[in-house]
Amino acid sequence: MAVSTAPQELDQEAAALGRSEDAAATKRAKRGKLVRYLAMPGFLLLLNIATFLWLSGQDLDSIERRTLTADNLIGKAQEHVWLTLLSTTFVLLLAIPFGILATRPRYRRFAPGIIGLGNAGQAIPSFGMLALLFYLFRVTPWLPSTGTLPVVVALVGYSFLPILRNTMVGLDQVDRSVLEAGRGMGMSERRVLRRIELPLAVPVILAGIRTALVLNVGTATLAFLFGGGGLGDVVYNGLSLRRIPITIVGAVLVATLALLVDYIASLIEEKLTPKGL
Amino acid sequence: MSDIMIELKELTKRYPGTETPAVDRLTMEIPRGEIVVFVGPSGCGKTTSLKMINRIIEPTSGQIILDGEDVTDVNPDQLRRRIGYVIQQIGLFPHVTIEDNVATVPNLLGWDRDRTKARVDELLDVVGLDPDVYRNRYPKELSGGQRQRVGVARALAADPPVLLMDEPFGAIDPITRTRLQNEFLRLQQELKKTICFVTHDIDEAIKMGDRIAILQERSIPAQFATPEEILTQPANDFVADFVGSGSTLKRLKLTRVRDVNITTDALLGRIDEDKHVLRQRLQESDWTAMLLLDAEKRPSRWLRAPDFLHDRPVAEMGLPARAMIEPQATLSDALEEMLLGSAGVAIVVDGRGAFQGILDVDDIITSIQTMRDANAEFYRASKLIDPATAIA
Ligand SMILES: Nc1ncnc2c1ncn2[C@@H]1O[C@H](COP(=O)(O)OP(=O)(O)O)[C@@H](O)[C@H]1O
Ligand SMILES: [Mg+2]
């Protein structure tokens, strides 16, 4: 809001609120915001340039040169992003409606149990969970043991609980009196959900989505277990062939992607949070 | 058109898992255009009774008749659009602007954009908020009192004939509360809504109510009568206890400024008049002070003879006029203003702030005297001891 509001309007607002913020403070706040916006992309750019420069100074053997081509790395990164987006989309489609349902009056009594389960679920280490699923897919004859499907199922299974939990907590923390006012003026239950409850739960739900995205970017690194591709392949190659440059490049790219996703999610979060909150 | 707007018949609420009902066969007729206050100790079932009228709480049994129509089983959402609703927590939607908050019911009723916008502006004006300033604000940018004004505007948006208010001024500081009460009473003089008003504060009940229902537990009415009757003829010990002693002071809250003789022939001047003309007028009168009004007849400054000794423009002479009250304020409010303004007089102004007269401490004492006499008369007649003399 502050970015698009004319200075005199801001002043008026500040004065009316009994604050005496002067224009200089506003300007300082704007500059602070800009720095905050640019810090993360700047850092990631520097990290990657540094890695590239370091790599140029290395004497690479043929295996390393074959693996560390732009084509190969971009392809792996794309696979990685695709796995992340696919699984995040599915988990949102599952967990948010389920969270809404579980907080309706009819099912409300189950809510604390489900939230507790959600909290517990977050404590399971991702590698353990993936290993378990890996085994499950291997021994079940009618399930494919390789490819995108098992990876997506694993990622969805892993990020389902945090998103469900945040959706429920987000809806639960909405002030009851606001909902009562809505019902009291003749808004239907559905309208109250759509117009009041969900918008007011958005910040908490978004925080859950951001958590899930970051979880999924990280966990997608383990997709190589299922031959699902992604940047995990690069890291795994580096490790199994004992090629340190490959391992480092893979790790840097995974970290870059995770931080970038978190950064973009934070921007979206800021954008979608209702203004009055 | 019958005189009864809301009729409650044997209305009962038994919450699941409780032995005794929270509201037990409440039967009551609420006259059209009046403020009926439900007052009683905490937990006696006031809120439950009120919320059964718009079926936020569904009655276990009994009937609700609204303007001759049995609404006990109609669609509650449709019903509620015809009934304004104000709660203590206000419950403004924090994520939308003041304009959108007030427009809630018009939007539900599918009014077109222009009509809604015009109505929102009108209502913000009515509750004393400048639409140009507040329309696009968010609730968190408003003070508690301003939010409650918006709450009232929102409840009035579609001009419902009935208003339900559950401790609407309960969470607001005392000074702002007094102001909001007075403004609301002024508004009601024009609107003539049928209002059910819940409070636990007997003073507020006496001030706001045309009629008061004093409720005992399970929402059983101990007395349903006008404030005067409740004060002078408590039906039983419960009512007498609840109303409490000090009924003279209570009556100060009952009597309104418009009901006593105020001084309307005070010495006046206009702020744009010549200094010498003003001075002469003051000297020739037997008043010790003169009240200056501005172009809109609003009180501006008090002038006394010594003020003319300094060489200042008229607009800066003397003291600024304080302690302004409106005719529907109670004598108790007036007294409070006088004490706060340390002037010994209060200036009575109309809704637009234009001068109407002056009320001083003596006027209030005179009216207390009259009340005491009337009270003593009543208590003698009913062979009771006058509590005022008994204590004194
Ligand atoms: N949802 C509820 N479930 C069970 N009991 C309730 C519920 N709401 C209120 N009560 C009980 O009903 C009685 C009346 O409550 P209420 O109408 O809120 O009283 P008041 O508004 O006069 O303080 C109280 O004893 C209260 O504990
Ligand atoms: Mg209550």
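Residues numbered from 1 in each chain as written. Chains lettered and ligands numbered in written order. Predicted model: local features only at pLDDT ≥ 70, side-chain atom pairs only at ≥ 80, totals over all residues. Heavy atoms only, no water.

Colleague: So, the overall build of chain B: which residues are in play, and what are the values?
Modeller: Looking only at helices and strands, one finds 16 helices and 17 strands in chain B. Projecting the C-alpha coordinates of chain B onto the three principal axes gives extents of approximately 80 × 65 × 35 Å. Each of the 392 residues in chain B was classed as buried or not, and the buried ones make up 52%. For chain B, the proportion of contacts with a sequence separation of at least 24, taken over those separated by at least 6, is 61%. Of the roughly 18,500 Å² of accessible surface on chain B, 48% is carried by carbon and sulfur atoms. Of the charged side chains in chain B, 48 are positive and 61 negative; the average position of the first set lies 3 Å away from that of the second. (Helix = DSSP H or I, 4+ residues; strand = E, 2+ residues; numbered from the N terminus. Buried < 20%, exposed > 50% of the residue type's maximum accessible area, 1.4 Å probe, protein only. Contact = heavy atoms within 4.5 Å. Areas by Shrake-Rupley, 256 points an atom, 1.4 Å probe, with all protein chains shown as cover. Lys, Arg positive; Asp, Glu negative; His and termini not counted. Charge placed at Lys NZ, Arg CZ, Asp CG, Glu CD.)

Colleague: Give a description of the pairing of strand β12 (residues 289-293) of chain B that names residues and reports values.
Modeller: Within a regular strand, side chains alternate between the sheet's two faces. Residues and elements named next belong to chain B. Counting buried positions along β12 yields 5 of 5 residues, so the element is predominantly enclosed. Taking every second residue as pointing to the same face, both faces of β12 are buried, with Ala289, Leu291 and Leu293 on one and Met290 and Leu292 on the other. Where strand β11 (residues 268-270) meets β12, 3 bridges bridge the pair, whose relative direction is parallel. Within the sheet, the bridge partner assigned to Arg270 lies in β12 and is Leu293. Since β11 and β12 lie parallel, the crossover through helix α13 (residues 275-284) that links them has a hand, and here it is right-handed. Relative to strand β13 (residues 299-304), β12 runs antiparallel, the two being bridged by 5 bridges. If you follow Leu291 over to β13, its bridge partner there is Trp302. (Pairing = 2+ DSSP bridges. Right-handed = clockwise from strand over helix to strand, strands pointing away.)

Colleague: Before we move on, could you go through the site of ligand 1 and cite the residues and values that matter?
Modeller: All names here are of chain B. Taken together, the neighbourhood of ligand 1 is formed by Tyr15, Ala22, Ser42, Gly43, Cys44, Gly45, Lys46, Thr47 and Thr48. Between Thr48 and ligand 1, the recorded distance is 2.5 Å, taken from a side-chain N or O atom to an oxygen atom. In the complex, the protein chains occlude 55% of the 550 Å² of accessible area that ligand 1 would expose alone. (Near = heavy atom within 4 Å. Polar contact = N/O pair within 3.5 Å; in protein donor to acceptor, adjacent residues only side chain to side chain.)

Colleague: Could you give an account of the packing of helix α4 (residues 70-102) of chain A against helix α7 (residues 148-172) of chain A, with specific residues and numbers?
Modeller: Residue and element names in this part refer to chain A. Between α4 and α7, the shortest axis-to-axis distance is 7 Å and the interhelical angle comes to 40°. By the angle class used here, α4 and α7 are oblique. As α4 runs across α7, the sense of the crossing is right-handed. For the contact of α4 with α7, the per-class residue count stands at 20 nonpolar, 5 polar and no charged. (Axes fitted to C-alpha atoms, helices over the stretch in contact; angles between N-to-C directions. Parallel < 35°, antiparallel > 145°, perpendicular 65-115°, else oblique. Left-handed = near helix turned anticlockwise from the far one by under 90°. Nonpolar A, V, L, I, M, F, W, Y, C, P; charged D, E, K, R; others polar.)

Colleague: Describe in detail the environment of Leu309 of chain B, supporting the description with residues and values.
Modeller: Examined against the element boundaries, Leu309 of chain B turns out to sit in the loop between β13 and β14 (319-320). Owing to a relative accessible area of 65%, Leu309 of chain B belongs among the exposed residues under this scheme.

Colleague: Describe the pattern of salt bridges, naming the residues involved and giving the relevant values.
Modeller: Residues and elements named next belong to chain B. As enumerated under the stated definition, the model contains 30 salt bridges over all chains in all. Arg32 serves as the salt-bridge partner of Asp67, at 2.8 Å between the closest nitrogen and oxygen. In this pair, Asp67 is assigned in the loop between β4 (61-66) and β5 (69-70) and Arg32 in the loop between β2 (23-31) and β3 (35-39), connecting sequence segments 35 residues apart. Among the salt bridges present, the one from Asp272 reaches Arg270, with a minimum N-O distance of 3.1 Å. Taking relative accessible area as the criterion, Asp272 reaches 59% and is therefore assigned exposed. (Salt bridge = Lys/Arg side-chain N within 4 Å of Asp/Glu carboxyl O.)

Colleague: An account of the interface of chain B and chain A is requested, with residue identities and associated values reported.
Modeller: At the junction of the two partners, chain B supplies 25 residues and chain A supplies 24 residues. Of the roughly 2,100 Å² buried where chain B meets chain A, counting both sides, 63% is carbon and sulfur surface. Our enumeration of links across chain B and chain A arrives at 2 salt bridges. Linking Asp77 of chain B and Arg183 of chain A is a salt bridge whose minimum nitrogen-to-oxygen distance equals 3.5 Å. The tally of links from chain B across to chain A stands at 7 residue pairs in polar contact (both at pLDDT 80 or more). Mapped onto the side of chain B that touches chain A, the elements with two or more residues apiece are α2 (76-80), β6 (83-87) and α4 (104-108) of chain B. If one sorts the elements of the side of chain B that touches chain A by residue count, α4 of chain B sits on top with 4 residues. Within the side of chain B that touches chain A, the residues separate by chemical class into 11 nonpolar, 6 polar and 8 charged. (Buried area = accessible area lost by both parts, 1.4 Å probe.)

Colleague: So, the sheet that holds β2 of chain B: which residues are in play, and what are the values?
Modeller: Strand pairing in a sheet takes place through backbone hydrogen bonds and is either antiparallel or parallel in direction. Reading across from one edge, β2-β1-β4-β5 (chain B) is the order of the 4 strands in this open sheet, with antiparallel pairing throughout. Both outer strands of the open sheet, β2 and β5 of chain B, are each paired with one neighbouring strand and no more.

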